[in-house]
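Letter by letter, the chains look like this.
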Amino acid sequence: MSSVAERNGAPRDGALKYLVYTSTASREMRPEDFESILRTARERNRRVGITGVLLFRDDCFIQFLEGPPAEIDALLDDIAGDDRHERLRVLLTETTTERSFADWRMGFGTPRSTRSTGTDGVRDSFIDLTAGEDEGVVRQAAEDFSIWFKVRERSARV
Ligand SMILES: Cc1cc2nc3c(=O)[nH]c(=O)nc-3n(C[C@H](O)[C@H](O)[C@H](O)COP(=O)(O)O)c2cc1C
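Residues numbered from 1 in each chain as written. Predicted model: local features only at pLDDT ≥ 70, side-chain atom pairs only at ≥ 80, totals over all residues.

Even after reading the chapter, I still don't get the overall build of the protein chain, so can you show me in this structure?
Along the backbone of the protein chain there are three helices and six strands. Going from N to C terminus, the protein chain has its helices and strands arranged as β-β-α-β-β-α-β-β-α. Burial status across the protein chain gives 32% buried among its 158 residues. Summarising the internal contacts of the protein chain: among those between residues at least 6 apart in sequence, 78% fall at separations of at least 24. (Helix = DSSP H or I, 4+ residues; strand = E, 2+ residues; numbered from the N terminus. Buried ≥ 20, exposed ≤ 12 C-beta atoms within 10 Å, placed from the backbone. Contact = placed C-beta atoms within 7 Å.)

Is there a simple way to explain the site of the ligand in this structure?
As a structural note, the neighbourhood of the ligand is formed by 15 residues, with Ala41, Arg44, Ile79, Asp82 and Arg84 the closest of them. Elements that contribute at least two residues to the shell around the ligand include exactly helix H1 (31-48), strand E4 (60-67) and helix H2 (69-80). With five residues, the top contributor of residues to the shell around the ligand is H1. Here the residues of the shell around the ligand are counted per class, giving seven nonpolar, four polar and four charged. (Near = placed C-beta within 6 Å. Nonpolar A, V, L, I, M, F, W, Y, C, P; charged D, E, K, R; others polar.)

Even after reading the chapter, I still don't get the nonpolar core, so can you show me in this structure?
Soluble globular proteins tend to bury their nonpolar side chains together. Counting 29 residues, the largest nonpolar core has Val20, Val53, Leu54, Phe64 and Phe145 as the members making the most contacts within it. Counting only elements with at least two residues in this core, the list comes to strand E2 (16-25), H1, strand E3 (51-57), E4, H2 and helix H3 (135-157). Tallying contributions element by element places H3 first for this core, with six residues. (Core = buried A, V, L, I, M, F, W, Y, C linked by C-beta atoms within 7 Å.)

Looking at this model, I keep getting lost on the environment of Glu153. Mind explaining?
Following the sequence through the fold, Glu153 ends up in helix H3. Separated by 46 residues in the primary sequence, Glu153 and Gly107 have C-alpha atoms spaced 9.3 Å apart.

Here it is, written out as C-alpha cells:
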C-alpha cells in the first residue's frame, strides 16, 4: 500500500482550525490496522466536515486535520486516547478559511524515502520534526507534505 485517497466535495465553511501532529505507532502496524483507522476516520470526518491527510513512515504518523474548531478539538481528544499510537505531539495549530485538503476526507500515504529533503527540495520525511520547532519550519514542512501528497495522487491517477 503506498497511497490511497478518497475524493469528496467539501462543504463551504467559515473559520476552520488547521492542526498538524506527529505520533509513534505503539505496535507494528499491519495493512488492516490502516484500513480500520481510515474506515472510521472517513465516516466520521464526512459527518463532521473534517478533511486531511495521514502519512505513515518509520513507525511514525503525521496527520493534517482541518475543519470546524470544535470538531477538531473533539477529534484530537479521541485520537490522543487511541492506544494504537503514543507520544502524540501537536506541531501546529492555525485558524484558516481555506482548506489545503478539501478533496480528502482522509488521504493516506506511506512515503518511502529516508531523505528529509527530496531531490526537488520538497520534504518527504517528518521524523525530525519536533514540537516547539520554529513555526515557520513546521508550516513549510506541512506545505511540502501537502505538495508531496498531491503530486503522488496526481501521478497515481494517470
Ligand atoms: C493515527 C490515527 C489517526 C486517526 N485519525 C482519525 C481521523 O482523522 N478521524 C477519525 O474519526 N478517527 C481517527 N482515528 C481514530 C480515532 O482515534 C477514534 O478511534 C475514532 O475517532 C473513533 O472514535 P469513536 O469510536 O469514539 O467514534 C485515528 C486513529 C489513529 C491511531
